[in-house]
Each structure stands twice: as structure tokens, then as C-alpha cells.
Amino acid sequence: MSGRLANDSSPFYFQLTLFREIGASRYLFFSLTLLLYAVIVSFNVVIILVICLEKTLHEPMYVFISCLSLNSLYGSSGFFPRFLMDLLSDTHLISRPACFTQLYIIYSYASCELFVLSIMAYDRYVAICKPLHYHSIMSPRTMCMLVAAAWLIPVFSLGGPLYLTIRLPLCGNQVPRFFCISWPVVQLSCVDTSINNFTGLFVGIATVFLPLCFVLYTYLRILLVCQQKSSEFRGKALQTCLPHIVSFVNYSITLFCEVSLSRYKADQLDPFIVMILSLEFIIIPCLLNPLIYGLKLPKIRVMIYRMV
């Protein structure tokens, strides 16, 4: 009963304190952010439309690319509208339901991105290491199951940590970030958060560390196979894997920056550095992925030129 009363007394609004540091530059940031959001939406919608409308692109690799673009739309739409509104606001208050909704969308986006990159790595592994069995292994049924797993595992696995965070009684409402993330909110708790920390660590290992390890394992297997083949085979394999390698390395670096930042007191750092480090894992992959696959893969590039 006391826990419930404590939870009921928790503040209904959080204040995102880092917006104070932007000051008069907020109108410039608003204009640039709005332009960036429009570009991200446009690029990813084009990729999705090209793959959906062109029947020759209804293959596992291209379906997975469209999933990346769809996830980019999901993650950016969960972040940019609220961020744009806060840039023009004088209060920078966000309600508890809105905060936890944003938190869930951003974390599920981040986890889905890794799972989609994982199934793309598996697709490249089968195509290079088992080419004769590719169509039997990557059948439409298997493709649908992999896509469903890439979406459903993060969506359901994040429910437990989110529920535990929502239940915490909080003794403050100052969140030193530009958007809601879990750790700064948990630090506001009036009670012990050991269960939250353990659950967050377990889910983080399951949804971040394991997919990363799986991608590295698939590329190790690809590398071992390529060493036994001709230089021409290695060149074709590299050309096939290069867009995915760039996407994977780029996302891993940006995600590492965000995870590292979450363990520091952001209000003691330069706000512009915090903004760059905290927003890049949303902005850079959402912007870079459609450019990589749209420009690098001939089939998609040709279809885009036809549409233009």
C-alpha cells in the first residue's frame, strides 16, 4: 500500500533540462531538425515504395532492407515530432505517459534495428556460404518468420523493464536529456532499483549483445569460406556484404556512444556534445541506410532513377 501511495505521489511531468542550454539557437536547430526529419522520411519512403512496387525486388535481401527503412520511420516518428515541439517550447515538460511511450519507441527501434541487421547478416551468410541451398533455406516462410521475430522479440522483451520503471516511485522530475531514456528516470527513484538494474542488464544482453555477437559470428564464417575461394569470389562477396558492413559498423558505433553517454551525468557535459552523441544513433542510421542501399545496390538504384 505504501508503495502505491509513493507511486501516486510521483510527479506527473518530467522536465527535460538540457533544452535550457540551447537558448536563442533553438530556432536554428528547429529549422535544421525539421529539414532533416523531412529528408529521412522521404528517403525511407522511397526505398519502401520501390521494393513494394517492383516485383523483382520481392526477395529476402530487399525485404529486409525495406524493414530497415520501416524501422527508421518508426524510430524517427517516435522522436522528431516531440523533439521539434520541445525546441519551440518554453517549459520542456513531458507527461509520464508521453515520456514512457517515447522511451519504449526509441528502445524498441534500437533493438529492432539490431535484429534486422542480424537477419540480414544471416541472409548474406547463406547466400555466400551455401549458395546452392539459398532458395530452399531462405524460403518465403522462413523470411516471414525472421521478419516477425525481428519485430516481436524486441517489442515483447522490453515490456518487462518498462513496466518496472513505470512502477517506481520517483522523488524528482529533472531528466538531463533531450528525450526520455531509462537510466536517468530510474535514478530519480526513491527506492532501491536493483531489480530494474538486473532486468535491464539481462534484456540488454539479450537484445543488444547477442545480436551483435551473431553478426560477428556470421562474418567470421563468411571470412573463413572466402579464404578458400578465388580472388574473384572474394571480390563479389565483399561487394555483396559491403552495404551491410557499413550499416552495421555505423549503427554499432552510434549505439555505443549512446550507451556510454547514458552512464554519465549529461548536465555536467557540453550540451551540444550531448546532443550529438545522444541523437546520432537515431539520425545517422535513419539517414545513411537508405543512401547506402539506394546508391550501392544496382536494382534499387535503377528503380529510383525510373521513378524520378
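Remember, predicted model here, so these are calculated numbers, not experimental data.

S.K.: Can you help me understand helix α7 (residues 159-167) in this one?
M.R.: Residue pairs three or four apart in sequence face the same way in an α-helix, which turns once every 3.6 residues. Among the residues making up α7, those that are buried are Pro161, Leu162 and Thr165. Considered in projection along α7, the buried side chains sweep an arc of 100° and stay on one side of the axis.

S.K.: Would you explain the nonpolar core in this entry?
M.R.: A general feature of soluble globular proteins is that nonpolar side chains tend to end up buried together. With 80 residues, the main nonpolar core has Phe14, Ile65, Phe178, Phe281 and Ile300 as its most contacted residues. The residues contacting isoleucine 65, other than those within four sequence positions of it, are Ile47, Ile51, Met120, Tyr293, Leu297 and Ile300.

S.K.: Hey, could you run me through helix α2 (residues 26-53) in this one?
M.R.: Along its 28 residues, α2 runs 40 Å from first to last C-alpha, staying within 8% of the 40 Å computed at 1.5 Å per residue. By the burial criterion, the buried members of α2 are Arg26, Phe29, Thr33, Tyr37, Ile40, Asn44, Ile47, Ile48, Val50 and Ile51.

S.K.: Help me understand the confidence of the model for the protein chain, please; the structure alone is not making it clear to me.
M.R.: Any segment with low pLDDT has predicted coordinates that should not be analysed in fine detail. With 94% of its residues at a pLDDT of 70 or more, the protein chain has an overall mean of 85. Note that pLDDT drops below 50 for residues 1-7; the model gives that stretch 6 contacts with residues more than four away or on any other chain.

S.K.: What should I look at first to understand the sheet that holds strand β1 (residues 13-16) in this one?
M.R.: Sheet strands pair via backbone hydrogen bonds, and the direction of the pair is either parallel or antiparallel. Judged by pairing direction, the sheet is mixed, and its 3 strands sit side by side in the order β2-β1-β3 without closing on themselves. Taken across any chain shown, the strands that pair with only one partner, and hence form the sheet edges, are β2 (93-95) and β3 (174-175). Two elements, β1 and β2, share 3 bridges in a ladder whose sense is antiparallel. Considered in β2, the bridge of glutamine 15 is made with leucine 93. In this fold helix α4 (residues 96-129) packs onto β1 and β2, with an angle of close to 85° to the strand it touches most, β2.

S.K.: Teacher, can you tell me more about the pairing of β1 here?
M.R.: Sheet faces and side chains relate simply in a regular strand, where the side chains alternate between the two faces. For β1 and β3, the ladder comprises 2 bridges, and the chain directions are parallel. Looking across to β3, one finds that glutamine 15 is bridged to glutamine 174.

S.K.: Looking at this model, I keep getting lost on the state of the cysteines. Mind explaining?
M.R.: Cysteine pairs can be linked by a disulfide, which is a covalent bond between their two sulfur atoms. The final tally for this structure, using the stated rule, is 2 disulfides. Cysteine 99 shares a disulfide with cysteine 180; S-S distance 2.0 Å. A torsion of -120° about the S-S bond marks the disulfide between cysteine 99 and cysteine 180 as left-handed. Note that cysteine 99 is positioned in helix α4 and cysteine 180 in the loop between β3 and α8 (182-186), a separation of 81 residues in sequence. No difference in accessibility class separates cysteine 99 from cysteine 180, as the two residues are buried. Covalently, cysteine 171 is tied to cysteine 190 through a disulfide, its sulfur atoms 1.5 Å apart. Measuring handedness by torsion sign, the sulfur bridge of cysteine 171 and cysteine 190 sits at about 130° and is right-handed.

S.K.: Whenever I open this one, the side chain of serine 76 confuses me. Can you help?
M.R.: Here serine 76 lies in helix α3 (residues 60-88). Within the local environment of serine 76, its side chain forms a polar contact with the backbone oxygen of serine 72, the two atoms lying 2.7 Å apart. Not counting chain neighbours up to four residues away, the residues in contact with serine 76 comprise Tyr37, Ile40, Pro81, Ile282 and Cys286.

S.K.: What should I look at first to understand the environment of serine 139 in this one?
M.R.: The topology assignment puts serine 139 in the loop between α5 (134-137) and α6 (140-157). Residue serine 139 is classed as buried on the basis of its relative accessible area, which comes to 19%. Between the C-alpha atoms of serine 139 and glutamate 59, which are 80 residues apart in sequence, the distance is 9.3 Å.

S.K.: Honestly, the packing of α4 against helix α9 (residues 194-227) in this entry has me stumped. Any pointers?
M.R.: Helix-helix packing is described using two parameters, namely the angle between the two axes and the distance between the axes. Where α4 contacts α9, the two axes come as close as 9 Å, and the packing angle between them is 20°. By the angle between their directions, the pair α4 and α9 is classed as roughly parallel. In this structure, α4 crosses over α9, and the sense of that crossing is left-handed. Residues Ser111, Leu114, Phe115, Leu117, Ser118, Ala121, Tyr122, Arg124, Tyr125, Ile128 and Cys129 of α4 touch α9, and the partners they reach there are Ala206, Thr207, Val208, Pro211, Leu212, Phe214, Val215, Thr218, Tyr219, Arg221, Ile222 and Val225. Split into classes, the residues belonging to the contact of α4 with α9 amount to 17 nonpolar, 4 polar and 2 charged.

Reading the values: rules and limits
Residues numbered from 1 in each chain as written. Predicted model: local features only at pLDDT ≥ 70, side-chain atom pairs only at ≥ 80, totals over all residues. Heavy atoms only, no water. Buried < 20%, exposed > 50% of the residue type's maximum accessible area, 1.4 Å probe, protein only. Helix = DSSP H or I, 4+ residues; strand = E, 2+ residues; numbered from the N terminus. Arc of directions from axis to C-beta. Core = buried A, V, L, I, M, F, W, Y, C linked by side-chain atoms within 4.5 Å. Contact = heavy atoms within 4.5 Å. Expected span 1.5 Å × (residues − 1). pLDDT = per-residue confidence, 0-100. Pairing = 2+ DSSP bridges. Axes fitted to C-alpha atoms, helices over the stretch in contact; angles between N-to-C directions. Disulfide = S-S within 2.5 Å. Polar contact = N/O pair within 3.5 Å; in protein donor to acceptor, adjacent residues only side chain to side chain. Parallel < 35°, antiparallel > 145°, perpendicular 65-115°, else oblique. Left-handed = near helix turned anticlockwise from the far one by under 90°. Nonpolar A, V, L, I, M, F, W, Y, C, P; charged D, E, K, R; others polar.

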